[in-house]
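Structure assessment
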Amino acid sequence: FIANGLVAHVLKKPCGKNTFSYEIRYRANGFDIRASSTNLQVAKAKFLEKTTPKEIEKYKVKEASRNRNEKYALHVLFNEWLSLKKGTILDKEIKRFETNFNNLPEELRYTPITEIRAVDLDSIMKDVQPRKYEELRTLFNGIFKYATATGVIQNNPVALIKFKRAERQNRECLSEDEIKAFLERIK
């Protein structure tokens, strides 16, 4: 399908029992344009409307931050730090670090570490539960200490964020007398 000088692909997908959905896509030259409908003529009309000179710039794909300074992106340094930690900490702890890191906003994970400020980290951590706060601060502190030690950055922004310890309840074991009394009550 060629419209307004653009060669687009038409995809026909089953939609329901006896109907089809048509999607017209153009993803080239920095554009990502999509139009769909259950009627091919309506989908073409929508696509033509989106490719007019006034509208087409809305569909220009913004340059992703992950392309900038990929070598020092947070996710790259996280992987380096984690590979350094493997073997020295439990697998359970490694999985927790990976889970917490993957739950961070994507734009932060792909941001160069030199552009991340304490304010950015604090804004993520302020709305989480106390235990999660501890885990995130430990994660960030480890990554940024690694980056400081390897010379990527000079100062650790996590040092400005106060460590808040979550309240814990210490539990005590039952004594032998208490266990016997407990078992007697159960009987």
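Residues numbered from 1 in each chain as written. Predicted model: local features only at pLDDT ≥ 70, side-chain atom pairs only at ≥ 80, totals over all residues. Heavy atoms only, no water.

A few words on the pairing of strand E3 (residues 9-14). Where burial is concerned, little of E3 is hidden: zero out of the six residues are buried. Note that E3 and strand E4 (residues 20-26) share six bridges and pair antiparallel. When the bridges of E4 are listed, Pro14 appears paired with Phe20. (Buried < 20%, exposed > 50% of the residue type's maximum accessible area, 1.4 Å probe, protein only. Helix = DSSP H or I, 4+ residues; strand = E, 2+ residues; numbered from the N terminus. Pairing = 2+ DSSP bridges.)

For the structure on display, the rule yields three aromatic pairs. Pairing Phe78 with Phe101 gives two aromatic rings, centres 4.0 Å apart and planes at 5°, and the pair type is stacked. Pair noted here: Phe78 is in helix H2 (residues 74-85) and Phe101 is in helix H3 (residues 91-102), with a separation of 23 residues, a long-range link. When sorted by exposure, Phe78 lands in the same class as Phe101, which is buried. (Phe/Tyr/Trp six-rings, centres within 6.5 Å; stacked < 30°, edge-to-face > 60°.)

On the surface, Glu172, Glu176, Asp177 and Glu178 cluster together into a patch of negative charge. Mapped onto the fold, Glu176 is located in helix H7 (residues 176-186). The class for Glu176 is exposed, based on a relative accessible area of 59%. (Patch = residues over 30% accessible without salt bridge, like charges linked within 9 Å, V, L, I, M, F, W, Y side chains within 5 Å. Areas by Shrake-Rupley, 256 points an atom, 1.4 Å probe, with all protein chains shown as cover. Salt bridge = Lys/Arg side-chain N within 4 Å of Asp/Glu carboxyl O. Lys, Arg positive; Asp, Glu negative; His and termini not counted. Charge placed at Lys NZ, Arg CZ, Asp CG, Glu CD.)

Our next topic: the pairing of E4. Counting buried residues along E4, five of its seven residues qualify, which places the element largely inside the surrounding structure. Turn length for the E3-E4 hairpin, with the two strands adjacent in sequence and antiparallel, is five residues, and the turn residue Gly16 shows positive phi of about 95°. In terms of strand pairing, E4 meets strand E5 (residues 33-37) through five bridges, oriented antiparallel. Its bridge partner being in E5, Glu23 is matched across the sheet by Ser36.

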